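Listed below are the residues making up each chain.
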Amino acid sequence: MMGIGFIFLLNACFNLIIAALLGYTWILLHKKRMQVQNLFFALGFFYALLFVLNLSWFISLAPRIEKEILLFDSMFLVAKTTLLMIILGSLAKEKRMVLLLFLYLFSALSLQVSFSDFFVAIDFISYLLLFLGFMHVGSQHIKHLQKAGLYGSIYGVFSLALIVLIYFGKINLAYVQAFLNIFVILSLWHIFRYFQTVEL
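Residues numbered from 1 in each chain as written. Predicted model: local features only at pLDDT ≥ 70, side-chain atom pairs only at ≥ 80, totals over all residues. Heavy atoms only, no water.

## Section: helix α2 (residues 37-58)
Heads up, the condition is: By definition, any uninterrupted DSSP run of H or I lasting at least four residues is a helix, any uninterrupted run of E lasting at least two residues is a strand, and each is numbered from the N terminus. Expected helix span is given by 1.5 Å per residue-to-residue step, counting one fewer step than there are residues. The cut-offs for exposure are 20% and 50% of the maximum accessible area for each residue type, with area from a 1.4 Å probe on protein chains only; residues under the lower value are buried, those over the upper are exposed, and the others partly exposed.
With 22 residues, α2 extends 31 Å from end C-alpha to end C-alpha; this agrees with the ideal 32 Å at 1.5 Å per step. Buried within α2 are the following residues: Gln 37, Leu 39, Phe 40, Leu 43, Gly 44, Tyr 47, Leu 50, Leu 53, Asn 54, Ser 56 and Trp 57. Backbone geometry just after α2 places Ser 60 at a positive phi near 65°.

## Comments concerning the packing of helix α1 (residues 4-32) against α2
For the record, the criterion: To get an axis, fit a line to the C-alpha atoms, keeping to the stretch in contact for a helix; angles then go from 0 to 180 degrees between the N-to-C directions. In this scheme, roughly parallel covers angles under 35 degrees and roughly antiparallel covers those over 145, while 65 to 115 is roughly perpendicular and the rest are oblique. Handedness of each helix crossing follows the sense of rotation of the near helix against the far helix: counterclockwise by less than a right angle gives left-handed, clockwise gives right-handed. For this scheme, ten residues count as nonpolar: Ala, Val, Leu, Ile, Met, Phe, Trp, Tyr, Cys and Pro. Four count as charged, namely Asp, Glu, Lys and Arg, and the remainder, Gly too, count as polar.
With their axes 7 Å apart at the nearest point, α1 and α2 run at an angle of 160° to one another. Put simply, α1 runs roughly antiparallel to α2. In this structure, the crossing between α1 and α2 has a hand that is left-handed. A per-class count over the contact of α1 with α2 returns 19 nonpolar, 9 polar and no charged.

## Describing the nonpolar core
Note the threshold: Take the buried Ala, Val, Leu, Ile, Met, Phe, Trp, Tyr and Cys residues and link them wherever side-chain atoms come within 4.5 Å; each set so joined is a nonpolar core. Throughout, a contact is declared for two residues whenever any of their heavy atoms are within 4.5 Å.
The biggest cluster of nonpolar side chains holds 48 residues, and the ones touching the most others in it are Phe 40, Tyr 47, Leu 91 and Phe 195. With sequence-adjacent residues up to four places away left out, Phe 40 is seen in contact with Leu 22, Thr 25, Trp 26, Leu 29, Ile 87, Ile 191 and Phe 195.

As structure tokens, then:
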């Protein structure tokens, strides 16, 4: 069974790759002077912070306090979900996704459950929203957006399944969740490839 240290290292590696890909996309969008460039910069910044945090936990520079880890993970997930939903809404040209985002933020703030259940609920709502967002993007008749939507939807649905298994089955599947970032990388790669084809 993989130790917690290895999981932190996995997350750090995947977060670094995602941050680099988002940074590369931001450079492309900056050159093309596209409005969504700042969203990619902000998203890349959050992933870079996650890289630093996970690396710190791996080499024990920061204390591994379970409640603090849950808090940081959920806070970053809310931030990532918010930014991704705005990006996905612009890609899908779907204004109703902004309404979903507001409902998400409202539900996140109004939950009245125990400390641990609160973070589980936040994670579940976040992945559900991401699944719906990527599904909308995948419905576009554009090759790269279809693939981005497919990989993103796979990430969302498997993450939802893992949340249920971990919560109700009390099974430690954190290492599987770390590997799911591969689908995030594939989705973001196709979003990058889509922007490469966009003519101003």
